Amino acid sequence: MSAPQKQKEKIPEIIDTTIDADVSDNESGSDVEEHDQFAVDGVTAPAPSTSTSQKKKKKKKSKAKKLLNAIRGKDEIPQAVVDQVLDKVKAEGGAAASEANAENVREALQQMKIMDVVKGKAGIGGSIRRTWENTSSTGEGPPIEDGYIEPSKPRAEVRQEPFPLPKDFEWSTLDISDPVQIKEVYDLLSLNYIEDDQAAFRFQYSAEFLAWALMPPGYHKEWHVGVRVSSNKKLVAFISGIPMNLRIRKHVVPLVEINYLCVHKKLRSKRLAPVLIKEVTRQCHLKGIFQAIYTAGIVIPTPVSVCRYYHRLLNIPKLVDTRFCYVPRHMTLARMTRVNKVTSSTSLPGLREMEEKDIAAVAELYTQYMKRFDMIPMFDVEEIRHHFLSGKGQGEIGSGGVGRRQKQVTWSYVVEDRETGKITDFFSFYSLPSTVIGNTTYPLLEAAYLYYYASNVGLKGEGAEQDEALKKRLMALVGDALVIANEAKFDVFNALSLMDNAPILQDLKFGLGDGFLNFYLYNWRTAPLAGLNIEGGIPAGRGIGIVML
Amino acid sequence: MSDHKPSLDFQNAAAYLASAPSLTKVSTVVKLELYGAFKCVTCSRIPSTSRPSIFDMTGRAKWDAWSAAGKKFEHPQDAEKSYLEMACSLGWTPSAAVEGNVESNSTAEDDIWDKDEVPPSAGSGGMGNAVSTMAPGPEVIDKTIHGLALSNDVPGLNTLLDKNPDTNLNVLDEYGYAPIHLACDRGNTEIVKILLAQGADRNIKDPDDLSPLELSKEAGHSEIEALLSSA
């Protein structure tokens, strides 16, 4: 925590005489208002609908100003902010309330990079904010009714020529079905994509993973946008979109999921990110798509929801050695290993790998179960096949290492009722390793991520009784996912506090992560969705039924 | 982009200033002046963007400097002249800088890339997913013998033992661990050496009935393993 802080303090001193100014940096609107809005939505976190009365707004504004002044004095989170958040967390109750204290609130705020946001320089996020700010999801004031913010344009009115790039660079549409080009994307991302705060781990999306994630049914190759160096054609920046029908509360919105924005580390001063965002937006407009969903680890105005990462430790010695986790004060590594030991056999009778013949049943179960959540991708049969079966890899289990096929990306399992032959449950997880930066013993952290799941227990009964029964079932289901992931030699199993995860994570020995995931909608207005927090009576997690890859 | 082609001298001066040691001692005011003039010469007379927000202090200061320079200099040539004068006052000489320029001109393509000294912006700050690790517990400063064994504080432990020669080396903490258990588990070899030299019990069992040797084995600290195995 201290090193980045020091760096931040120095920033006003460094005046670079060589770096290009941002050509596309068009700030608009009042920053104080923006901050005010942020303070409302991001820090104290009530629904925007509480800020309607004029008086209240004024009060908030002056409060925000006071906080701001305190913030700008030093680079620490002011006590006032911490206190306010703490009060709010305690008042809202929920699982987090009992654990909340000034220290961990401060820490959480630090991790959410609030200072960066306040100063408007949250890395690439800053450009997202500036590029898309007028159409951020929750917008000014309370959402009156769900819907678009800016109307769609006919194709003829969409800008027809690509946005200009700095000299020496050129646009390039990537053909992800070409192994050479997907390798280029892989190379770019594996060296330059997202790292953790300590720059100890960096996502290493495999080529197979990218092929799976970027080519769902109906994908557009024009939405795989690259930037190359004109002279040698080296790929130095990338952004992608995939089409999706997203149900947001009662509306089904055909939109684009934006992901994998990446600029070469040594070109970060060129301000390519805002141009990439604008260009992929233009490409979407050309296909008649005017809404988007995207996620970020950082907070920019204004997320529709925030979720937190949880981690189930599997390979303790490796996780400790790579500093993914630490041995707690009251334990030894030996005890930690024993406490986190996963059984060697699964618990649910009828559990087996999902097959081609299960697609229709899984699609039906998915559709019914996902009605529980406020924001979900609608999958048809083809999409179910793609998302749960196409990533199963080649060859026999074991051909790609213990418990794995070659090039396996996803693991999907169903529970088949032995008497009726019906599919009663399914779960899936995917493999997303991270490079362990600078560790020669363990260069790669093998992480499994919980993907979608469903159980017909969630379709029966109601209220507390259903909650209880479903929790029990999901404990068994995700517990079995842990067994399978452990067999396949994953080091850690990750999940977010979304869907029905919140109640089961602690009991399955998941621990709190330091990462948060913020969900954003572009050009769509809706009230905050329950992620980390309860929103409008919806239990934590149940607002979000989408897993971003 | 302005039509003005910066002179070779200007490019040299800019290259010189980019890494000039004298620049670190220069006030921000001067740096901003340099920046403003530089932008007038290389980009346009005034910034084409709107003024950055007050929260982006650096960006705003730079924007202001550029805008001010645009008002001061009518032609890029004037800005260039002023820039060169300032560069001279900061130790640049037209002849001395030519060497430095040779390499930067010879590989024109290198100009595309950021300099190595520019730290890449934190890799984490972006769209997409977040890389998460386990949230660390609160950091506790503990100067007891257990705390020192945990934090691998060798001088601290030596001082403690010097001052209090009667310290019980096998005292258990609130969780039932002796200092040697903690040092063996966390891999703090020097601490283990000191404890052994001072006569700590090498066979003492932890609450899980594990000895220091077993703990170091399980945690994969072969150096400590060897230390404890050698009688």
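All figures in this text were calculated on a predicted structure; none of them were measured in a lab.

### Re the overall build of chain A
Right, so step 1: Assigned secondary structure in chain A consists of 16 helices and 16 strands.
Right, so step 2: Sorting the 549 residues of chain A into buried and exposed places 57% on the buried side.
Right, so step 3: Sequence-distant contacts, at least 24 apart, represent 73% of the contacts inside chain A between residues at least 6 apart.
Right, so step 4: Of the roughly 22,500 Å² of accessible surface on chain A, 53% is carried by carbon and sulfur atoms.

### Remarks on the packing of aromatic side chains
Each aromatic ring pair is summarised here by two numbers: the centre-to-centre distance and the angle between the ring planes.
Residue and element names in this part refer to chain A.
Right, so step 1: Overall, the coordinates contain 34 aromatic pairs over all chains when judged by the stated rule.
Right, so step 2: Ring centres 6.5 Å apart and planes at 40° place the aromatic pair Y193 and F203 in the tilted group. Taken together, the residues Y193 in the loop between α8 (179-192) and β2 (201-203) and F203 in strand β2 connect sequence positions 10 residues apart.
Right, so step 3: Exposure remark for Y193: the relative accessible area of 1% places this residue in the buried category.
Right, so step 4: Judged by relative accessible area, F203 falls into the buried class, the value being 0%.
Right, so step 5: Consider the rings of F429 and F493, whose centres lie 5.4 Å apart with planes at 65°: the pair is edge-to-face. Here F429 is found in strand β11 (residues 423-431), whereas its partner F493 is found in strand β15 (residues 492-496), with 64 residues between them in sequence.
Right, so step 6: A relative accessible area of 0% places F493 in the buried class.

### Concerning the sheet that holds strand β13 (residues 444-445) of chain A
Residues and elements named next belong to chain A.
Right, so step 1: In space, the three strands of this open sheet follow the order β2-β12-β13, with antiparallel pairing throughout. The sheet is open, and its two borders are formed by β2 and β13, each paired with just one other strand.
Right, so step 2: Judged from the two bridges that link them, strand β12 (residues 434-436) and β13 form a sheet pairing that is antiparallel. Note that in β13 the partner of S434 across the bridge is L445.
Right, so step 3: Along the sheet, α8 contacts β2 and β12; its crossing angle with β2, the most-contacted strand, is approximately 155°.

### Thoughts on the environment of G531 of chain A
Residues and elements named next belong to chain A.
Right, so step 1: Note on placement: G531 falls in the segment after β16 (511-522).
Right, so step 2: Residue G531 is classed as buried on the basis of its relative accessible area of 2%.
Right, so step 3: Residues G531 and G541 lie 10 residues apart in sequence; the distance between their C-alpha atoms is 4.1 Å.
Right, so step 4: Discounting chain neighbours no more than four positions away, the residues touching G531 are S305, V306, C307, S497, A540 and G541.

### Quick word on unusual backbone geometry
Comment: phi is negative for the bulk of residues other than glycine, and the bulk of peptide bonds are trans.
Residue and element names in this part refer to chain A.
Right, so step 1: Look at the link from P301 to T302: it is a cis peptide, with omega at -10°.
Right, so step 2: The topology assignment puts T302 in the loop between β6 (292-296) and β7 (305-313).
Right, so step 3: Even without glycine at this site, R271 takes up a positive phi of about 55°.
Right, so step 4: Tracing the backbone through its elements, the reader meets R271 in the loop between β5 (251-263) and α10 (272-286).
Right, so step 5: Judged by relative accessible area, R271 falls into the partly exposed class, the value being 25%.

### Notes on the UniProt feature "repeat: ANK" (unreviewed entry) in chain B
Right, so step 1: Sequence positions flagged by UniProt for "repeat: ANK" (unreviewed entry) are, in local numbering, residues 175-207 of chain B.
Right, so step 2: The span residues 175-207 of chain B carries 52% helix and 0% strand; its end-to-end C-alpha distance comes to 8 Å.

### Focus on the packing of helix α2 (residues 28-42) of chain B against helix α4 (residues 76-89) of chain B
Residue and element names in this part refer to chain B.
Right, so step 1: Contact pair α2 / α4: the axes reach a minimum separation of 8 Å and the direction vectors enclose 145°. Taken as a pair, α2 and α4 cross one another with a handedness that is left-handed. Together, E33, L34, A37, F38, C40 and V41 of α2 and P76, A79, E80, Y83 and M86 of α4 make up the contact between the two elements.
Right, so step 2: For the contact of α2 with α4, the class distribution of residues is nine nonpolar, no polar and two charged.

### Here we look at the pattern of salt bridges
All names here are of chain A.
Right, so step 1: With the rule as written, the count across this model stands at 28 salt bridges over all chains.
Right, so step 2: Across the pair E355 and K357 runs a salt bridge whose closest N-O atoms are separated by 3.9 Å.
Right, so step 3: For K357, a relative accessible area of 60% gives the class exposed.
Right, so step 4: Between D425 and R473 there is a salt bridge; the shortest N-O distance is 2.6 Å. Of the two residues, D425 sits in strand β11 while R473 sits in helix α15 (residues 463-487), which places them 48 residues apart along the sequence.
Right, so step 5: Under the relative-accessibility criterion, R473 is labelled partly exposed at 24%.

The rules behind these values
Residues numbered from 1 in each chain as written. Chains lettered and ligands numbered in written order. Predicted model: local features only at pLDDT ≥ 70, side-chain atom pairs only at ≥ 80, totals over all residues. Heavy atoms only, no water. Helix = DSSP H or I, 4+ residues; strand = E, 2+ residues; numbered from the N terminus. Buried < 20%, exposed > 50% of the residue type's maximum accessible area, 1.4 Å probe, protein only. Contact = heavy atoms within 4.5 Å. Areas by Shrake-Rupley, 256 points an atom, 1.4 Å probe, with all protein chains shown as cover. Phe/Tyr/Trp six-rings, centres within 6.5 Å; stacked < 30°, edge-to-face > 60°. Pairing = 2+ DSSP bridges. Axes fitted to C-alpha atoms, helices over the stretch in contact; angles between N-to-C directions. UniProt positions renumbered as here; feature names shortened; annotations may be inferred. Left-handed = near helix turned anticlockwise from the far one by under 90°. Nonpolar A, V, L, I, M, F, W, Y, C, P; charged D, E, K, R; others polar. Salt bridge = Lys/Arg side-chain N within 4 Å of Asp/Glu carboxyl O.

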